[in-house]
Amino acid sequence: MALMDCVPLSAAGLARDANVTSVGLSLDCASPEFIAALHDAGLEVLLYTVNDPRLIDYAIQLGADGVISDYPERIPKIWPN
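Caption draft 1: Representation of the pairing of strand β3 (residues 44–48) in the model. Buried residues dominate β3, accounting for four of its five residues. Crossover strand β2 (residues 22–26) to β3 through helix α2 (residues 32–40) is right-handed. The pairing of β3 with strand β4 (residues 66–67) spans two bridges and is classified as parallel. Pairing of Leu 47 across the sheet is with Val 67, part of β4.

Caption draft 2: Region of interest: the pairing of β2. The element β2 is largely enclosed, with a buried count of five among its five residues. Judged by which residues are buried, β2 turns out to be covered on both faces: Ser 22, Gly 24 and Ser 26 on one side and Val 23 and Leu 25 on the other are all buried. Two strands pair when backbone bridges link them, and β2 and β3 are joined in this way by five bridges, in the parallel orientation. The residue of β3 that forms the bridge with Ser 22 is Glu 44.

Caption draft 3: The packing of aromatic side chains, seen in detail. For the structure shown, the criterion picks out zero aromatic pairs. Above the plane of the ring of Tyr 71 lies Arg 74, whose end atom (NZ or CZ) is 3.9 Å from the centre.

Caption draft 4: Layout of the nonpolar core. If you look at the biggest cluster of nonpolar residues, it comprises 21 residues, and the most contacted ones within it are Leu 25, Ile 35, Leu 47 and Val 67. Mapped by element, the contributors of at least two residues to this core are β2, α2, β3 and α3 (53–62). Apart from the residues lying within four places of it in its own chain, the contact partners of Leu 47 are Leu 25, Leu 27, Ala 30, Ile 35, Ala 59, Leu 62, Ala 64, Gly 66, Val 67 and Ile 68.

Caption draft 5: Expanded view of the pattern of salt bridges. Under the definition given, this model contains one salt bridge. Taking the shortest distance from any N to any O, the salt bridge between Arg 54 and Asp 52 comes out at 2.7 Å. Judged by relative accessible area, Asp 52 falls into the partly exposed class, the value being 23%.

Caption draft 6: Broad picture of the environment of Trp 79. Turning to its location among the elements, Trp 79 is positioned in the segment after β4. Leaving out residues up to four positions away in the same chain, Trp 79 has contacts with Ile 56, Ala 59, Ile 60, Ala 64, Asp 65, Gly 66 and Val 67. Side-chain polar atoms of Trp 79 contact the backbone oxygen of Ala 64, separated by 2.7 Å.

Caption draft 7: View of α3. What α3 keeps buried is the set Ile 56, Ala 59 and Leu 62. Axial view of α3: buried residues confined to an arc of 115°, hence all on one face. Of the residues in α3, the exposed ones pointing more than 90 degrees away from the buried face are Arg 54 and Gln 61. Among the structural elements, α2, β3 and β4 are those in contact with the buried residues of α3. At the N-terminal end of α3, a side-chain oxygen is found 2.7 Å from the backbone nitrogen of Arg 54, two or three residues along, and the residue is Asp 52.

Each value, and the rule that gives it
Residues numbered from 1 in each chain as written. Predicted model: local features only at pLDDT ≥ 70, side-chain atom pairs only at ≥ 80, totals over all residues. Heavy atoms only, no water. Buried < 20%, exposed > 50% of the residue type's maximum accessible area, 1.4 Å probe, protein only. Helix = DSSP H or I, 4+ residues; strand = E, 2+ residues; numbered from the N terminus. Right-handed = clockwise from strand over helix to strand, strands pointing away. Pairing = 2+ DSSP bridges. Phe/Tyr/Trp six-rings, centres within 6.5 Å; stacked < 30°, edge-to-face > 60°. Lys NZ or Arg CZ within 6 Å of the ring centre and 35° of its normal. Core = buried A, V, L, I, M, F, W, Y, C linked by side-chain atoms within 4.5 Å. Contact = heavy atoms within 4.5 Å. Salt bridge = Lys/Arg side-chain N within 4 Å of Asp/Glu carboxyl O. Polar contact = N/O pair within 3.5 Å; in protein donor to acceptor, adjacent residues only side chain to side chain. Arc of directions from axis to C-beta.

In structure tokens form, the structure reads like this:
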């Protein structure tokens, strides 16, 4: 997994060069377009650290594949993708 605090010029290229299958992305840097570009590159996208239930819902709306949270019981058992 590659962790990204911000949007590099070519996130998918960076992840491919690192030979990863998933990207841990800061919620602050997430956008539907950025997540879609990572998905188009065949990468799974997990947002971190998402603890507020409203932000977990927002992560779902953004199209993330999941979240990393200090409170896993707040995450839906079935992620709607």
